[in-house]
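Observations on the model geometry
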Amino acid sequence: MTTTDWIIDIALVLIVFRQMREERLTARTILLPLAIIGWAASTYLHDIPTAGNDLVLAAAGAGAGVLFGLFGGFLTRVRVAEGHVRIRASLGAAALWVISMGFRLAFAVWTSHASGAAHVGRFSVHHDITSSQAWVVALILMAFGEVVVRLGTIVVRGQLAMARAGREKAPVRREGAYV
């Protein structure tokens, strides 16, 4: 792992810790994590291998990311205050994020050592995974799925909360009332 890899992983973990204090949902809140994973995707996704079970591995990584993102999005507190959507990552949401980031980081560190690389190599041969790039794709798609689905879930929940808050403030019309 390069220094840049460590910086990216640490930055992504720090983002969720920053969100443990309540903040307003803004374009920056959404775009910063998307920019980081967009950069990671453009840096590491040179091609997507399709031989053997490479696509199955990529789909499994993306699916795991979607599940983590969905749960993380639902475990994030979303409320409306003073006409704005406010979010706060709960301890559960932060734990899910740290677990998934920690898994990807630990996997990268483990496979950079001879014994880890040998284990992954044997697993790959046994399960018809044809290249190390398939693992990179699976891990990047896992991160991408998690970030996009978590943010999407939070934005949708924020929109629903705003709509609910708007309905609660609207005057109630009573049948037969003149005022």
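1. Regarding the nonpolar core
In terms of nonpolar packing, the biggest core is built from 12 residues, these being Ile 8, Leu 12, Ile 15, Val 16, Ile 36, Ile 37, Ala 89, Ala 93, Trp 97, Met 101, Val 147 and Leu 151. Contributing elements (two or more residues each) for this core: α1 (3-18), α2 (27-44), α4 (91-111) and α6 (132-169). Here this core takes four residues from α1, the largest share from any one element. If you look at the next biggest cluster of nonpolar residues, it comprises eight residues, including Leu 57, Phe 107, Trp 135 and Leu 139.

2. Section: empty space enclosed by the protein
Taken as a whole and assessed by the stated rule, the structure comprises one cavity of 30 Å³ or more. Size it by volume and the largest cavity reaches roughly 80 Å³. Forming the boundary of the largest cavity are Leu 12, Ile 15, Val 16, Gln 19, Pro 33, Trp 97, Val 147, Arg 150 and Leu 151. When the residues that make up the lining of the largest cavity are grouped by side-chain class, the tally is seven nonpolar, one polar and one charged.

3. What to know about the packing of α4 against helix α5 (residues 114-126)
Where α4 meets α5, the closest approach of the two axes is 6 Å, and the angle between their N-to-C directions is 100 degrees. If you check the angle between α4 and α5, you find them roughly perpendicular. Together, Phe 107, Trp 110 and Thr 111 of α4 and Gly 116, Ala 117, His 119 and Val 120 of α5 make up the contact between the two elements. Per-class residue counts for the contact of α4 with α5 are four nonpolar, three polar and no charged.

4. Here's the deal with the pairing of strand β2 (residues 76-81)
Note: β2 against strand β3 (residues 84-89), six bridges, orientation antiparallel. Residue pairing across strands places Arg 77 opposite Arg 88, the latter belonging to β3. As consecutive antiparallel partners, β2 and β3 are separated by two residues, and within that stretch Glu 82 has a phi angle of approximately 55 degrees, a positive value.

5. Regarding the layout of surface pockets
Taken as a whole, the largest pocket holds about 630 Å³ of empty space. Contributing to the lining of the largest pocket are 29 residues, with Arg 104, Ala 108, Val 136, Leu 139 and Ile 140 lying nearest its centre. Those elements giving two or more residues to the lining of the largest pocket turn out to be α1, α2, α4, α5 and α6. Broken down by element, the lining of the largest pocket gets its largest block of residues, seven residues, from α6. Looking at the lining of the largest pocket, its residues break down into 21 nonpolar, five polar and three charged.

6. Considerations on the confidence of the model for the protein chain
Low pLDDT marks stretches whose predicted atomic positions should not be read closely. Scored by pLDDT, the protein chain has a mean of 87; 94% of the residues are at 70 or more. At the low end of the mean pLDDT range in the protein chain sits α1, at 75; at the high end sits helix α3 (residues 54-74), at 95.

7. Overview of α3
For α3, with 21 residues, the first-to-last C-alpha span of 30 Å sits near the 30 Å given by 1.5 Å per residue. Asp 54, Leu 57, Ala 58, Gly 61, Gly 65, Gly 69, Gly 72 and Gly 73 are the residues of α3 that are buried. Buried residues of α3 fall within an arc of 135 degrees about the axis and therefore sit on the same side. Facing away from the buried surface of α3 by more than 90 degrees, the exposed residues are Val 56, Ala 59, Phe 71 and Phe 74. Packing partners of the buried residues in α3 comprise β2, α4 and α6.

What counts as what
Residues numbered from 1 in each chain as written. Predicted model: local features only at pLDDT ≥ 70, side-chain atom pairs only at ≥ 80, totals over all residues. Heavy atoms only, no water. Core = buried A, V, L, I, M, F, W, Y, C linked by side-chain atoms within 4.5 Å. Buried < 20%, exposed > 50% of the residue type's maximum accessible area, 1.4 Å probe, protein only. Helix = DSSP H or I, 4+ residues; strand = E, 2+ residues; numbered from the N terminus. 1 Å grid on protein atoms, 1.4 Å probe; cavity = no way out; pocket = protein on both sides within 12 Å on 5 of 7 lines; lining within 4 Å. Points joined across faces, edges and corners; volume = space filled by probe spheres on them. Nonpolar A, V, L, I, M, F, W, Y, C, P; charged D, E, K, R; others polar. Axes fitted to C-alpha atoms, helices over the stretch in contact; angles between N-to-C directions. Parallel < 35°, antiparallel > 145°, perpendicular 65-115°, else oblique. Contact = heavy atoms within 4.5 Å. Pairing = 2+ DSSP bridges. pLDDT = per-residue confidence, 0-100. Expected span 1.5 Å × (residues − 1). Arc of directions from axis to C-beta.

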